[in-house]
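Commentary on secondary and tertiary structure
Next come the chains, spelled out residue by residue.
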Amino acid sequence: MRWADGNVEPAEDTSSPIYAPCDLDDPSLDEAIAALRAQGHVVVRMLPCEEPVRGVGFSGTTIPGLF
Amino acid sequence: MNTTCWELPAGIEEVLPEQAWAVEALRRRLLDHYRASGYGLVIPPIVEFVDSLLTGTGEDLDLLTFKLTDRLTGRLMGVRADMTPQMARIDAHSLREEGVSRLCYLGSVLRTMPDGFAGSRSPMQVGAELFGHAGVEADIEIVGLMIETLAIAGITAPVIDLGHVGVFAALAKQAGLNETAERELQDMFQRKALPEIDQYLRDQGVPEPSRRMLSALGRLHGDAAVIAQAREVLVAGGADVAAALDRLERLVAVIARRYPKVRLQVDLTELHGYAYHTGVVFAAYVEGVGHEIARGGRYDEVGKVFGRARPATGFPLISAN
């Protein structure tokens, strides 16, 4: 699967959480998160106080193109 | 032969195969969703010492809690009537995580009295708590998760009541009400006893503009437009009232966009749990059921009695088996 912006879907492995940004005004982000969760990924919507986690484990830890 | 030996106590149910599988299937779907949302599952004990079970948010649970004496220690224990106080204890003592903690739970609770007419005394309770973040983003996440929980359970178009206890708290403080008067007035607002409120404010000698604003508060409920009305009517309420309305407005806007099927109602006198709630509060209703099916809110001081006060928001959802 590819995102509309051309970024590639995170790794199929669902064992590591994906950290999504906390943009409250981006409907496409809401849809992306819902789609990933429906595929079995753990997607944590980062709160402003939470540090983004980059590259921990593998590419599935962030939504490509959104960080 | 004892002809009553197979009877179960009133409000205590067993779940037979067809329904039990349905309950189990729902349980799995809910927990899968919480996991996918980044929530850690905890399984609190069925019994605890009442010292911890009935503190903080548990203070209202005393009469609902079955109690027994621990034969090992002689201390009084209680069977959990609500798992929310246990979550606060777990966050404060068992986990003690730095930063944000997202926790979910699902299990049976036991109550001395049924919740409502012919209600269960041994319902299932499911819920989620988010500790460690004071911003509106956490309120939005928790309200959203509650709506998603209801959707998974087949309730796709609930009515969600949203309020903020900070509005009433700020107005009561501004009016100079003592603790007793504040509590009595809160009870009247909960009962929507508007004429009684007007009379009470006069009897208490509450000065203008506090009297006018508190009197108007009882009429500030309806759709999202209520927030704009509140800004006009409560303009003399000060910075705390304005901040509470700002937060409510943001919450309503994001939830309305993300969950268009949900009907949102704003109620500034939604004061359930006023003793421990500190911010946004919410409740879910569904057609045909005369009481809320879920409620929750922000209770930033919930961990204080366990030695660790920090921001918290969450919801429990009770379901009859």
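**What to know about the overall build of chain B**
Counting its secondary structure elements, chain B contains 10 helices and 12 strands. Whereas a compact globule of 321 residues would reach a radius of gyration of roughly 20 Å, chain B reaches 21 Å, a difference of no more than 12%. Dimensions along the principal axes, computed over C-alpha positions, put chain B at roughly 70 × 45 × 45 Å. Looking at chain B as a whole, 51% of its 321 residues are labelled buried. For chain B, long-range pairs separated by at least 24 residues make up 68% of all intrachain contacts whose partners lie at least 6 apart in sequence.

**Remarks on the nonpolar core**
Residues and elements named next belong to chain B. Grouped together as the largest cluster of nonpolar side chains are 70 residues, with contacts concentrated most on Leu185, Leu214, Leu217, Leu234 and Leu268. Aside from chain neighbours lying at most four places away, what touches leucine 185 is Phe168, Leu177, Ile197, Tyr200, Leu201 and Leu214. Counting residues in hydrophobic clusters, the runner-up holds 14 residues, among them Val42, Met83, Ile90 and Leu103.

**Looking at the pairing of strand E10 (residues 280-285) of chain B**
All names here are of chain B. Most of E10 is tucked away, with five of its six residues classed as buried. Direction of pairing for strand E7 (residues 159-164) relative to E10: antiparallel, over a ladder of six bridges. Within E10, the residue paired with valine 159 across the bridge is tyrosine 285. Bridge count for E10 against strand E11 (residues 294-298) is four bridges, and the pairing is antiparallel. Paired with alanine 283 across the bridge in E11 is arginine 295.

**Some words on the interface of chain A and chain B**
Chain A puts 19 residues into the contact, and the matching count from chain B is 18 residues. Counting the surface lost from both chain A and chain B, the interface buries some 1,400 Å², and carbon and sulfur atoms represent 53% of this. When the area that chain A buries against chain B is broken down by residue, the three leading residues are A:Leu24, A:Arg37 and A:Leu47, summing to 41%. Inspection of the chain A/chain B interface yields three salt bridges. Between A:Asp30 and B:Arg257 there is a salt bridge whose closest N-O contact spans 2.8 Å.

**Overview of the sheet that holds strand E3 (residues 67-69) of chain B**
Residue and element names in this part refer to chain B. Reading across from one edge, E2-E4-E3 is the order of the three strands in this open sheet, with antiparallel pairing throughout. Two strands in the sheet have a free side with no partner beyond their single neighbour: strand E2 (47-49) and E3. Put simply, the sheet's adjacent strands are angled 35° from each other on average, direction ignored. Alignment of E2 against strand E4 (residues 76-79), held across three bridges, turns out to be antiparallel. Within E4, the residue paired with valine 47 across the bridge is valine 79.

**Points about the packing of aromatic side chains**
Given two aromatic rings, their pairing is described by the distance between the two centres and the angle made by the two planes. Residue and element names in this part refer to chain B. Applying the stated criterion across every chain yields a total of two aromatic pairs over all chains. Look at phenylalanine 168 and tyrosine 274: their rings are 5.2 Å apart centre to centre, the planes differ by 70°, and that puts the pair in the edge-to-face class. Separated by 106 residues along the polypeptide, phenylalanine 168 in helix H5 (residues 165-174) and tyrosine 274 in the loop between strand E9 (263-267) and E10 bring together distant segments of the chain. Accessibility assignment for this pair places phenylalanine 168 and tyrosine 274 in one class, buried. These aromatic residues form a ring-pair network of at least three members: Phe168, Phe189 and Tyr274. Between arginine 75 and the ring centre of phenylalanine 49, over which it is positioned, the NZ or CZ distance is 3.7 Å.

**Quick word on the pairing of E4(B)**
For a regular strand, the rule is simple: side chains alternate between the two faces of the sheet. Residue and element names in this part refer to chain B. Bridging between E3 and E4 involves three bridges; their strand directions are antiparallel. For lysine 67, the partnering residue across the bridge sits in E4 and is glycine 78. Here E3 hands over to E4 after six residues, with glycine 74 in that stretch at a positive phi of 80°.

What counts and what doesn't
- Residues numbered from 1 in each chain as written.
- Chains lettered and ligands numbered in written order.
- Predicted model: local features only at pLDDT ≥ 70, side-chain atom pairs only at ≥ 80, totals over all residues.
- Heavy atoms only, no water.
- Helix = DSSP H or I, 4+ residues; strand = E, 2+ residues; numbered from the N terminus.
- Rg over C-alpha atoms; globule rule 2.2 N^0.38 Å.
- Buried < 20%, exposed > 50% of the residue type's maximum accessible area, 1.4 Å probe, protein only.
- Contact = heavy atoms within 4.5 Å.
- Core = buried A, V, L, I, M, F, W, Y, C linked by side-chain atoms within 4.5 Å.
- Pairing = 2+ DSSP bridges.
- Buried area = accessible area lost by both parts, 1.4 Å probe.
- Salt bridge = Lys/Arg side-chain N within 4 Å of Asp/Glu carboxyl O.
- Axes fitted to C-alpha atoms, helices over the stretch in contact; angles between N-to-C directions.
- Phe/Tyr/Trp six-rings, centres within 6.5 Å; stacked < 30°, edge-to-face > 60°.
- Lys NZ or Arg CZ within 6 Å of the ring centre and 35° of its normal.

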